[in-house]
Amino acid sequence: MRELWQSLRADAARYASQGGWPRNVGFWIGATHRITEWARGQPQPVRRYAVLLPGMALTKFWRATLGVHIMEGASFGPGLLMPHARSMMIGRVRAGEDCLISDHVTIGTNANSAEFATIGDHVEIAPGTRILGPIRIGDGARTGANTVVMRNVPEGAEVRVAAPHTLCPEEERKA
């Protein structure tokens, strides 16, 4: 229980620059996930189900209204920040502390594996990023908007989308 409260306090502190945690739905989605995961680990059935059932109802509400789904078994270190929680699909990821996850993000598997990613501390995942497969994203790494990450990312690295191919004038005439 102490670890849950410490994580929620760290999450709330990260939302100070976003207008505060009470007004940011990303905080409430993260809190719902944390509390539901805590309830799953409770040995007493009364306590477990008293918290788990409302948590599962809220999880379904977040998915229906905002398109945000965090799978059972996903774990996040303290300081999770989801400032624009919309259209997110997050699998059974293991994420470190002080991670930022933007909107329209998918963290899932690829066709060759049923394993999920491991994300280090202080990682920033930009809008539209797709992280696929059992890869490792190192501490302090960042992804650019709309990137597809399918390989390990070293510590402190930045992954970006390559510039789109532009046709030269001769190729435009042929097209």
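Structure: see above.
Scoring rules and cut-offs
Residues numbered from 1 in each chain as written. Predicted model: local features only at pLDDT ≥ 70, side-chain atom pairs only at ≥ 80, totals over all residues. Heavy atoms only, no water. Helix = DSSP H or I, 4+ residues; strand = E, 2+ residues; numbered from the N terminus. Buried < 20%, exposed > 50% of the residue type's maximum accessible area, 1.4 Å probe, protein only. Areas by Shrake-Rupley, 256 points an atom, 1.4 Å probe, with all protein chains shown as cover. Lys, Arg positive; Asp, Glu negative; His and termini not counted. Charge placed at Lys NZ, Arg CZ, Asp CG, Glu CD. Pairing = 2+ DSSP bridges. Patch = residues over 30% accessible without salt bridge, like charges linked within 9 Å, V, L, I, M, F, W, Y side chains within 5 Å. Salt bridge = Lys/Arg side-chain N within 4 Å of Asp/Glu carboxyl O. Contact = heavy atoms within 4.5 Å.

So, about the overall build of the protein chain. Within the protein chain one finds four helices and 13 strands. The principal-axis extent of the C-alpha atoms belonging to the protein chain is close to 70 × 40 × 35 Å. Counting across all 175 residues of the protein chain, residues that qualify as buried make up 41%. About 10000 Å² of surface is accessible on the protein chain, with carbon and sulfur atoms providing 55% of the total. Here the protein chain carries 20 positive and 16 negative side-chain charges, and the mean point of each set is 8 Å from the other.

With that out of the way, let us pick up the sheet that holds strand β10 (residues 136-137). Pairing is parallel in the open sheet, where four strands are placed in the order β2-β4-β7-β10. Across the chains shown, the open sheet's two edge strands, defined by having one partner strand only, are β2 (75-76) and β10. Sheet topology places strand β7 (residues 118-119) next to β10; two bridges connect them, and they run parallel. Residue pairing across strands places T118 opposite R136, the latter belonging to β10.

A grouping of Y49, L53 and M56 is seen on the molecular surface, where their side chains present a nonpolar patch of about 290 Å² in accessible area. Structurally, the position occupied by M56 is in helix α3 (residues 45-66).

The next point concerns the environment of T118. Tracing the backbone through its elements, the reader meets T118 in strand β7. Along the chain, T118 and R92 lie 26 residues apart, while their C-alpha atoms are 9.2 Å from each other. Contact partners of T118, with chain neighbours within four places excluded, come to R94, I135, R136 and I137.

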